[in-house]
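Examination of the molecular architecture
Listed below are the residues making up each chain.
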Amino acid sequence: MSSDNRTVVISGAGLVGCVAAIGLAGKGWNVQIYESRPDPRSPSQLQKLSRRSINLAISSRALMAIKSIDSDDGLLYHRLITDATIPMKGRMIHSLDGSLDSQIYSNNGEARLWLCSLEMSHSPISLPNVSISFDAKIRSVQFDERVLHYEQNGATAAHKDWDLVLGADGAHSVIRNQLMRVMRMDYAQEYIPHAYLELSIPAGPVDGLGRPTFLLDAHHLHIWPRQSFMLIALPNQDCSFTCTFFAPFEKFAQLADSKDRFVELFRREFPDALALMGEECAADDFTHNPQGSLVTIRCSPYHYSDRAVILGDAAHSMVPFYGQGMNAGFEDVRVLLAMMDSAGVRSDKSTPVQPLGVALERYSRERSRDLRSIVDLAMGNYVEMRSKVTNPLYKLRKGLDALLNTLIRPAAVASPEILRREPFPTAASSGWMSLYQLVTFRPDISYADAEEVSRRRDERVSLVGKGSIAGLVVAAGVLVAKVCREMRK
Ligand SMILES: Cc1cc2nc3c(=O)[nH]c(=O)nc-3n(C[C@H](O)[C@H](O)[C@H](O)COP(=O)(O)OP(=O)(O)OC[C@H]3O[C@@H](n4cnc5c(N)ncnc54)[C@H](O)[C@@H]3O)c2cc1C
Ligand SMILES: NC(=O)C1=CN([C@@H]2O[C@H](COP(=O)(O)OP(=O)(O)OC[C@H]3O[C@@H](n4cnc5c(N)ncnc54)[C@H](OP(=O)(O)O)[C@@H]3O)[C@@H](O)[C@H]2O)C=CC1
Ligand SMILES: Nc1ccccc1C(=O)C[C@H](N)C(=O)O
C-alpha cells in the first residue's frame, strides 16, 4: 500500500465489493475491505460452502463491467468465461403434461451465461494494494470525521483517515443505515408475498468417458410455470441442477412443514422434476433448507458528499426474476468508475479531492432512474415467468419481435473503451430488440432507456394492431354491404 495514494474502505467482500475492489485497485487506490463472514478459504468454510449453491445468470452487463475493469491481459474475463460458465440459449417451459417448449432468448446468437463458480486466485485478495479482513463487521461510521468502527473477534476497533467509504454490504447494509443518519435519503422496502426454497437435481449417470451427464438440457433455464407459483432449474458445472421453488408464503403454510404434503404437491404439479430429484431427496431438501423471503429496496441518493457511496444490493435489492441483481451491481461499478474518470478523480493524494464529490453527485443523479427501472422490471418478470410464458398472445408477440429483430438490425455494442468514457452512449440505434434483449444483451443502453425504447415501440405495435383490426372491420363491413346489395338484386 502506498501512503501517497488515497484509501477506500469497502464494506462487504460479496460479488459487488470484490469487483469494486479490483476496479479501484487497478486505478491505484489503496483498498481495505471488511467482511463480516469468515474467510471462505478456511477449511471449515470450504466444507460449508461446498453445500451451498452458487449459480447466477451473468449477462452482458456484468461481463462488460468485468471487461472494463480488467487488467490489460483480460485474464479475469477469460477465466470467468472459459472456466466458470455454461452458455444459456433460452427458457425451457415444462407443461403439466410433460411437454417441452424452448423459447430462445435471442436469435442473434447471443447466449446467456451461467456463472457457476469464481476462483479465489482471481479475487481481489491476490492484489498487492488490497487488504481484506474477515470476521470483521462494520458497525458505525462517522463520515465527517473519517472514522469507522468495526467488530472483530469480539473487540471493537477503529479505522481512521480513509478517503472514501464504499458500501457493498448487501440488502441489510449498515453503511446505508449510517448514511441515513447524516443525509436526507429517500428509502422504501417492500417484501413480496412469495418465498423461495432451494432443491436439487443430481448429476446423471457417467458417459462412456466416465464423465457425469446432465439430466436436463444444460443450455436452458428450465421453468415449470403454474400461474401463482413456479419451479425453476439452473445447471451447475458438476452436472447437477439447482432448483428454486417460488410460492406464496400461504402455500408454504398449507404444507405445514409436512414433507408428505410437499411430495404430494410436487407429484401433482411437477411430476417430471420430482422424478429427477428423487422423492426422498426432495423431501429432505424441503425439511432442511430455509424458506427465504424476497425484498425490494429502493433508495436515493446513493452518496454523501465526497465521503461515501453505496452500490449493489445495498442500494437496490430486487427480486431475482430478471436475473439482473448482480449484473446491475457490477454495472454500478463500471458506471461509477467511468464517472470518476471523466470528473478527473485520481488516486494520487497530491491531486485535488473536489472532483470526487462531483463524480458521486453525478452518479446518484443519473443512476437512480436506471435502478428504479430494473427494480420494477424484475418484479414484472415474475408474472411473465410463472404465467405469461404459456399465453398464445405472448408467444405471438415474441415471434413478431424475433422477425423484426432479424429485419431491423441494431448497431454493434459499443466497445469497453467507449464505455469507460461514456456509460450509455447508444440508446437511439438499438434496431428492433425486445425489452428482454435490451436489458440482457445491451450494456451500452441503460435500463431506463431500454424500458423507454420498448414502451414507445409497444405503443406503435398496439397502434398498428388496432389499425389492422379497424381496417379488417371496415373491410368486413364493405364486404357484407356488397353481399347484401347483390342478394337484393
Ligand atoms: C434466489 C436468488 C437468485 C438470484 N439470481 C441472480 C442471477 O441469476 N443473476 C443476478 O445477476 N443476480 C441474481 N441474484 C441477485 C444477487 O444474488 C445479488 O444481487 C448479489 O448477491 C448482490 O451482491 P452484493 O455484493 O451487492 O451483496 P451481497 O452478495 O449480499 O454481499 C454483501 C457482503 O457484505 C457482507 N456484509 C454485510 N454487512 C456487512 C458489514 N456490516 N460489515 C462487513 N461486511 C458486511 C456480507 O457478508 C456479504 O458478503 C439472485 C438473488 C437471489 C436471492
Ligand atoms: N432481493 C432479495 O429478495 C434477496 C436478496 N438477497 C441478496 O443476497 C445477499 C446474500 O443473501 P444471504 O446469504 O441469504 O444473506 P442474508 O440476507 O441472510 O443476510 C446476511 C446477514 O445480514 C443480516 N440480516 C439478515 N436479515 C436481516 C434483517 N432482516 N435485518 C437486518 N439484518 C439482517 C444478518 O447479519 P447479523 O446477524 O450479523 O445482523 C445476516 O447474517 C443478501 O444480502 C442480498 O443482498 C438474498 C435473498 C433475497
Ligand atoms: N436467474 C434467475 C433466478 C431466479 C429467477 C429467474 C432468474 C432468471 O434469470 C430468469 C431469466 N431472466 C428469464 O426471464 O428467463
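Residues numbered from 1 in each chain as written. Chains lettered and ligands numbered in written order. Predicted model: local features only at pLDDT ≥ 70, side-chain atom pairs only at ≥ 80, totals over all residues. Heavy atoms only, no water.

What follows covers the environment of Tyr 304. Among the structural elements, Tyr 304 can be located in strand β18 (residues 303-304). Spatially, the C-alpha atoms of Tyr 304 and Glu 250 are 41 Å apart, while their sequence positions differ by 54 residues. (Helix = DSSP H or I, 4+ residues; strand = E, 2+ residues; numbered from the N terminus.)

Counted under the stated rule, the structure contains 19 aromatic pairs. When the ring of Phe 245 is compared with that of Phe 262, the centres are 6.5 Å apart and the planes differ by 70°; the resulting orientation is edge-to-face. You can see Phe 245 sitting in strand β16 (residues 241-248) and its partner Phe 262 sitting in helix α7 (residues 259-269), a full 17 residues away along the chain. Taking relative accessible area as the criterion, Phe 245 reaches 1% and is therefore assigned buried. In this structure Phe 262 comes out as buried when scored by relative accessible area, which is 0%. Here a set of aromatic residues connected by ring pairs shows up, and it is made of Phe 229, Phe 245, Phe 252, Phe 262, Phe 266, Phe 270 and Phe 286. If you follow Arg 61 out to its NZ or CZ, it ends over the ring of Tyr 447, 4.1 Å from the centre. (Phe/Tyr/Trp six-rings, centres within 6.5 Å; stacked < 30°, edge-to-face > 60°. Buried < 20%, exposed > 50% of the residue type's maximum accessible area, 1.4 Å probe, protein only. Lys NZ or Arg CZ within 6 Å of the ring centre and 35° of its normal.)

It is common to give the size of an interface as the accessible area that goes away when the parts come together. Taken as a whole, the chain is organised into domain 1 (7-86 + 112-186 + 298-382) and domain 2 (398-472). The interface of domain 1 with domain 2 comprises 25 residues on the first partner and 23 residues on the second. Both sides of the domain 1 and domain 2 interface together cover about 2,100 Å² of buried area, and 56% of this is carbon and sulfur. Area buried by domain 1 at its contact with domain 2 is led by Arg 61, Met 64 and Tyr 322, which between them contribute 27% of it. In this structure, the connection of domain 1 to domain 2 is made through 1 salt bridge. Among the salt bridges present, the one from Arg 369 reaches Asp 449, with a minimum N-O distance of 3.1 Å. Our enumeration of links across domain 1 and domain 2 arrives at 17 residue pairs in polar contact (both at pLDDT 80 or more). Elements represented by at least two residues in the side of domain 1 that touches domain 2 include exactly α3 (60-69), α11 (325-343) and α12 (354-386). Taken together, the residues of the side of domain 1 that touches domain 2 sort by class into 8 nonpolar, 8 polar and 9 charged. (Domains from an automatic or database assignment. Contact = heavy atoms within 4.5 Å. Buried area = accessible area lost by both parts, 1.4 Å probe. Salt bridge = Lys/Arg side-chain N within 4 Å of Asp/Glu carboxyl O. Polar contact = N/O pair within 3.5 Å; in protein donor to acceptor, adjacent residues only side chain to side chain. Nonpolar A, V, L, I, M, F, W, Y, C, P; charged D, E, K, R; others polar.)

Close to ligand 3 lie 14 residues; Arg 91, Tyr 105, Tyr 322, Asn 381 and Tyr 436 are nearest. One of the side-chain N or O atoms of Asn 381 is found 2.9 Å from an oxygen atom in ligand 3. Protein contacts shield 93% of the accessible area of ligand 3, which totals 370 Å² for the unbound molecule. Class assignment of the residues belonging to the shell around ligand 3 gives a composition of 10 nonpolar, 2 polar and 2 charged. (Near = heavy atom within 4 Å. Areas by Shrake-Rupley, 256 points an atom, 1.4 Å probe, with all protein chains shown as cover.)

Here we come to the site of ligand 2. Neighbouring residues of ligand 2: 13 residues in total, closest Lys 137, Leu 294, Val 295, Asp 313 and Met 318. Interatomic distance of 3.1 Å between a backbone N/O atom of Ala 171 and an oxygen atom of ligand 2. Between ligand 2 and Met 318 there is a distance of 2.9 Å, counted from a nitrogen atom to a backbone nitrogen or oxygen. Relative to its free-state accessible area of 880 Å², ligand 2 is covered by the protein chains to the extent of 47%. Looking at the shell around ligand 2, the element that brings in the most residues is strand β17 (residues 292-300), giving 3 residues. Broken down by class, the residue content of the shell around ligand 2 amounts to 5 nonpolar, 4 polar and 4 charged.

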